[in-house]
Structure formats: structure tokens, C-alpha cells
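Reading the structure
If you want the building blocks of each chain, they are given just below.
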Amino acid sequence: QTTWLHEIEDQFGSDIVAIDSDIREKLSKDYYWYSPVLNRLLQGVKAADAVVLPRTEAEVAEVLAFGYAHRIPVTVRGAGTGNYGQAVPLQGGILMDLSRMDEIIEIGPGYARLQCGVKLGVIDRKAREVGQELRIYPSTYVKATVGGFVSGGSGGIGSITYGNLWDGNVLEAVIYTMEEEPQRLVIQGGELFNYIHNYGTTGIMTEVTIPLAPRTEWTQAIAQFPTFERSMRFGEALARDERILKRLVAPMEWPIPSYFIPFAKVIQEGQAAVMLEFAEETLALVEEHAQAFGGSLGHIIEAKNYRKTIGVSDFTWNHTTLWAMKTDETMTYLQAGFQIDRYLEQIELLKAEYGDELFLHFEWVRSGGAVTPTALPVVKFTTEERLYEIIGFCESIGVRIFDPHTWVLDQGGRGEVGSMERKKRVNDPRGLLNPGKIICEL
Ligand code: FAD
């Protein structure tokens, strides 16, 4: 092993290779501690043996060829904000940090062509300067890279209008394979499904083209309702109202809103809250909907202050869990898909069974074009056994769980993995790309 470490330093130089233990330790972790299960399993995992920080596609290809020749695993990292341990190098080897590849290659009408390491917040800011903006992005957009989002995320702010990553939100990707001579593939269309949310197991994405939307002036608001049921029905009505352009419709059961300390003064005790982003000219329509369900807009941030203050999206998606964990460190969460024609009944069944052990947080989205109630419920963690009992109960009442307590793609339940496994055998014949993240008999 020491031999290849000397060789990699000699070949690439200290500007690209880091073997300092602090750097290796730091970059070999992501946000897996979000899950008590992953935290237990991954805490003791040994750091990568070397970190490489390529600046160009050619350097990426050279590192992959080096890894292939020496049979060394390569795990890629964007910003490391993934929370399933996706970027943890389970078998050591090389940790390839792509954050230096951060060039915005082109912003054209309706699209942006980007190097993988550009931060989503930077892309959105630049796009908004020229009258466009991101269609979908995670609540971690300030830090997260576009390559990391496409390879390890799923959806987020904007998904209520534009769906998730699989709904046409990736137009083209440049992928490098891990072979003796790494190939540069340009992928489009249905074939992209083998690379979206792949955890870097089927190839390394160096460049990606994503669609952009026309810039909208977004008003943010918190709508409040006496019951969670009303907040959900309001959310559905808003989701379905095509007159209203929106980015965020996120109902939260009390006491979740009480965790949002920066909004403590505007949150009403005991009420359900819906975090909202909608086009500023539709404010009156949103207010009408809120009133129809016995609620009101308790706090409004005008569009002119967008991104100038803490935003409501900083309390949604997986940030909701983060605020819950700040209040009570035993909190964790699940990812769930409820059924549109019986979500209220499913909510009732779940609450009757688990009461104060589980609090509901939904994100209304469009999935494959259909309005869908997805949820990231916050769960008080006691034991792993109990957590999986709750998961079992959810499934018994038709609530689909996308398990966030596993790093194995096949078990997380997103997308079709069989096709990815076949692609991996072709693109990564030695099984060196992020080993352990996909179950694939070579
Ligand atoms: P990393 O964590 O660095 O990487 C993610 C995965 O992709 C890893 O498996 C890595 O190996 C692989 N990878 C990275 N770059 C490449 C590349 N160029 N080529 C191939 N593989 C690559 N996710 C959502 O989808 N929506 C959310 O709203 C959301 N909210 C979050 C909130 C919090 C508080 C936290 C902690 C996480 C959240 N996430 C969310 C998860 C995560 O932040 C996002 O998916 C984010 O986009 C990941 O980007 P990153 O650059 O940090 O990727």
C-alpha cells in the first residue's frame, strides 16, 4: 500500500494529492450522523488513504486510470452534505474531491452547462442575474455541488412544480468510466437514469447540463392552521392550483414549528405551519386558500428580501430534521411516500399508533407529473428495532418508505437499481467505484 501512496504523490504532486491525516479524516465523512443507525456503523470506518483534488477532466481520468492499474477504490466527494454515508470510502483507497472543478461553463436560454463542483447557490445567483434560475435544488444549496446533488440527492425546493431529478431535471452528463483507459461518455435521455442518484458507483460525472426556469420573484410565507389535517388539505389545494406558481409547500405538525427558533416570534403555539414560496403576484390567491381551510398567513417575507434574510426553505426538506435534532438530539427521521387518495387516513392511523413518537413533516411535490404527498417525518429514536418496527407499520398501511438509514442503493428504494448494476459491470469492471454502495455481483 505504501508503494502506491509514494507513486500517487510522485505522479500528481502535492498540489493535487493530500495524505495529511486531518484532511483525510475530514473529507472521508459526510452527514451520516443524521442517522443513529449509520452513525453507529460508520463512526469507526477508517479514512481514505489519500485525498486527490483534481482540477481538470484530464486529471480525473488519470487518477481513475491510476486506481484501476493499482486496484485501488475511488470514492468521489462534492461538498459531503449527503446524509446516507454515500461519500464515505468504506474500503479506504482514494477519496476524489471534485470541489475544485467549479466552472460555470455556459448559461444559455433555459439551461446551464456546469462543471460538477459548482455550488448550487452560486449557479442560482448567476442564473438569476440573467433572468433565469434553478428549477429544483436541495435545502443544502449554499454548500452542495451540482454533481453531488445529481449523483446523491433526489429533489427539493422547486419539486412541487418541476418534479425530482428523474423528471427531466438533468439534460446531459459527461461521465468517466473506471477502466484501464477511462472513457469519456456523453449521456442523454433515458440512459441518464443509470447515473442519477448513483453515488458515483457507475461512473464519475465531470460535467452536467441542467434545465433552468425563467426567474420568478418569490414571496415567502408561513401559513398557520388549527389542525394538521387542515394544513395538509390547504397544501393539496395549493399544489393543484395551476394559477399559482410555487416552489415550496411544506406542512409541519406541531411541535415541529416550535423547533424553528429564528421564527419563534411569528410561530403560533400549538398550530400546524406550512412553509411557502410562491410567485409574489399570487399572494391574494394563497391567502384565499388559507382562509378557506380556516388558516392565515402568519408571516410574510416580501420578494424584494429574497435571500437577504434567513429563508423559509432553511426549515424545510432535511433542514427540518436538523432543527429538530438541535432541540432534541435523540430525533431522527424517515422518508415516506403517502398515497394521494388516502393520505389523511394514513396520517390518522400512524398518529393513533405512534402519537408523540413521530411528528409529521410533508413536502408536496410533483412526481412523474402527479401531485404527491411525500413526507420526512421526525421520529424520536429509542432503538433500531423500534425504528424498523415503525417502518414496518408504515408499509403495512401503504406508506412507502425510502429508508434513509442505509448506504446501500438497492435498499434505499430510489430508482431502478438493476439497470445500474449492469452498467456498473461495464463501466467499472473491477468494482472500484465507491465499493459497498451498490450490491453488484461482479
Ligand atoms: P456529496 O455528499 O459530496 O456526494 C453525494 C453522493 O454523490 C456521494 O455518494 C458521492 O460519492 C457522489 N458524488 C458526488 N459528486 C459526484 C460526481 N461528480 N460524480 C459522481 N458521483 C458523485 N438532498 C436532497 O435531494 N434534497 C434536499 O432537500 C436535501 N436536504 C438536505 C438537508 C440537510 C440538512 C442535509 C444534511 C442533507 C440534505 N440533502 C438533501 C442531502 C444532500 O445535501 C444533497 O443531496 C446534496 O445535493 C449533495 O451534494 P454534495 O455536493 O454535498 O454531495
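Residues numbered from 1 in each chain as written. Predicted model: local features only at pLDDT ≥ 70, side-chain atom pairs only at ≥ 80, totals over all residues.

The protein has the name FAD-binding oxidoreductase in an unreviewed UniProt entry, where Paenibacillus whitsoniae is given as its organism.

The number of helices and strands found in the protein is 14 helices and 21 strands. Expressed as lengths along the three principal axes of its C-alpha atoms, the size of the protein is roughly 70 × 50 × 35 Å. Burial analysis of the protein (442 residues in total) assigns 49% to the buried set. If you take every contact in the protein between residues at least 6 apart in sequence, the share linking residues at least 24 apart comes to 71%. (Helix = DSSP H or I, 4+ residues; strand = E, 2+ residues; numbered from the N terminus. Buried ≥ 20, exposed ≤ 12 C-beta atoms within 10 Å, placed from the backbone. Contact = placed C-beta atoms within 7 Å.)

Sheet architecture is open: three strands sit in the order 15-20-17, paired in antiparallel fashion. Either end of the sheet is taken by a strand with one partner, and the two such strands are strand 15 (331-333) and strand 17 (358-359). Across the sheet, helix 10 (residues 318-327) lies against strand 15 and strand 20 (378-380), angled at about 165° from strand 15, the strand it touches most. (Pairing = 2+ DSSP bridges. Axes fitted to C-alpha atoms, helices over the stretch in contact; angles between N-to-C directions.)

Our next topic: the sheet that holds strand 13 (residues 272-279). Within the open sheet, the four strands sit side by side as 12-13-11-14. Their pairing is antiparallel. Since the sheet does not close on itself, it has two edges, and those belong to strand 12 (246-252) and strand 14 (296-301), each with one partner. Taking each pair of neighbouring strands and ignoring which way they run, the sheet shows an average axis angle of 20°. Helix 9 (residues 283-292) rests against strand 11 (218-225), strand 13 and strand 14 of the sheet, and its axis sits at about 150° to strand 14.

Each turn of an α-helix holds 3.6 residues, which means side chains three or four residues apart point in the same direction. Restricting attention to buried positions, one finds in helix 9 the residues Val-286, His-289 and Ala-290. End-on view of helix 9: buried residues confined to an arc of 100°, all on one side of the axis. Of the exposed residues in helix 9, the ones pointing more than 90 degrees away from its buried face are Ala-284, Glu-288 and Ala-292. Each element contacted by the buried residues of helix 9 is listed here: strand 11, helix 8 (228-240), strand 13 and strand 14. In the stretch just after helix 9, Gly-294 is the one whose phi turns positive, near 75°. (Arc of directions from axis to C-beta.)

Below, the discussion takes up the UniProt feature "domain: FAD-binding PCMH-type" (unreviewed entry) in the protein. The sites that UniProt annotates as "domain: FAD-binding PCMH-type" (unreviewed entry) are residues 44-215. Regarding residues 44-215, the helix share stands at 20% and the strand share at 26%, and the terminal C-alpha atoms are separated by 45 Å. (UniProt positions renumbered as here; feature names shortened; annotations may be inferred.)

For the bond from Trp-254 to Pro-255, the omega torsion is 15°, close enough to zero to count as cis. In this structure, Pro-255 sits in the loop between strand 12 and strand 13. The backbone phi angle of His-197 is positive, close to 55°, even though this residue is not glycine. One can find His-197 in the loop between strand 9 (184-188) and strand 10 (204-214). Overall, the presence of 21 C-beta atoms within 10 Å leaves His-197 in the buried class. Its identity as a non-glycine residue notwithstanding, Tyr-199 has a phi of 55°, on the positive side. The topology assignment puts Tyr-199 in the loop between strand 9 and strand 10.

Between two packed helices, the angle of one axis relative to the other and the distance separating the axes together describe the packing. The geometry of helix 8 relative to helix 9 is characterised by a closest axis approach of 9 Å and an angle of 145° between their N-to-C directions. The handedness of the crossing between helix 8 and helix 9 is right-handed. Here helix 8 contributes Phe-234, Ala-237 and Leu-238 to the contact with helix 9, which in turn contributes Val-286, His-289 and Ala-290. Among the residues making up the contact of helix 8 with helix 9, the classes are represented as five nonpolar, one polar and no charged. (Left-handed = near helix turned anticlockwise from the far one by under 90°. Nonpolar A, V, L, I, M, F, W, Y, C, P; charged D, E, K, R; others polar.)

Further remarks concern the domain arrangement of the protein. In terms of domain boundaries, the protein breaks down into domain 1 (2-97), domain 2 (104-214) and domain 3 (218-401). For domain 1 versus domain 2, the distance between C-alpha centres works out to 22 Å. Of all the elements in the fold, those that place two or more residues in the side of domain 1 that touches domain 2 are helix 4 (57-70) and strand 3 (74-77). Counting residues per element, the side of domain 1 that touches domain 2 draws most heavily on helix 4, which supplies seven residues. Along the lines of polarity and charge, the residues of the side of domain 1 that touches domain 2 split into eight nonpolar, six polar and one charged. (Domains from an automatic or database assignment.)

Moving on to the site of the ligand. In the vicinity of the ligand there are 38 residues, among which Gly-78, Gly-148, Gly-152, Gly-153 and Gly-200 approach most closely. Contributing elements (two or more residues each) for the shell around the ligand: strand 3, helix 6 (146-152), strand 10 and helix 10. Sort the elements by how many residues they give to the shell around the ligand and helix 6 lands first, with five residues. Of the residues contributing to the shell around the ligand, the split by class is 14 nonpolar, 22 polar and two charged. (Near = placed C-beta within 6 Å.)

With that out of the way, let us pick up the nonpolar core. In this structure, Val-74, Val-146 and Leu-276 are the most contacted members of the largest nonpolar core, which totals 111 residues. Top contributing element to this core by residue count: strand 13, with six residues. Counting residues in each nonpolar core, the second largest holds seven residues, with Tyr-32, Tyr-34, Tyr-84 and Val-88 among its members. (Core = buried A, V, L, I, M, F, W, Y, C linked by C-beta atoms within 7 Å.)

Okay, the pairing of strand 10 next. Here strand 6 (residues 111-115) pairs with strand 10 via five bridges, running antiparallel. If you follow Tyr-111 over to strand 10, its bridge partner there is Pro-211. Note: strand 7 (residues 132-134) against strand 10, three bridges, orientation antiparallel. By the bridge assignment for strand 10, Glu-133 is matched with Ala-213.

Between its first and last C-alpha atoms helix 11 (residues 343-354) spans 16 Å; for twelve residues at 1.5 Å apiece the expected length is 16 Å, and the two agree. Looking at helix 11, one finds that the buried residues are Tyr-343, Ile-347 and Leu-350. Taken down its axis, helix 11 places every buried residue within 70° of arc, on the same side. On its buried face, helix 11 sits against helix 8, strand 17, strand 19 (370-375) and helix 12 (384-396). Backbone geometry just after helix 11 places Gly-355 at a positive phi near 45°. (Expected span 1.5 Å × (residues − 1).)

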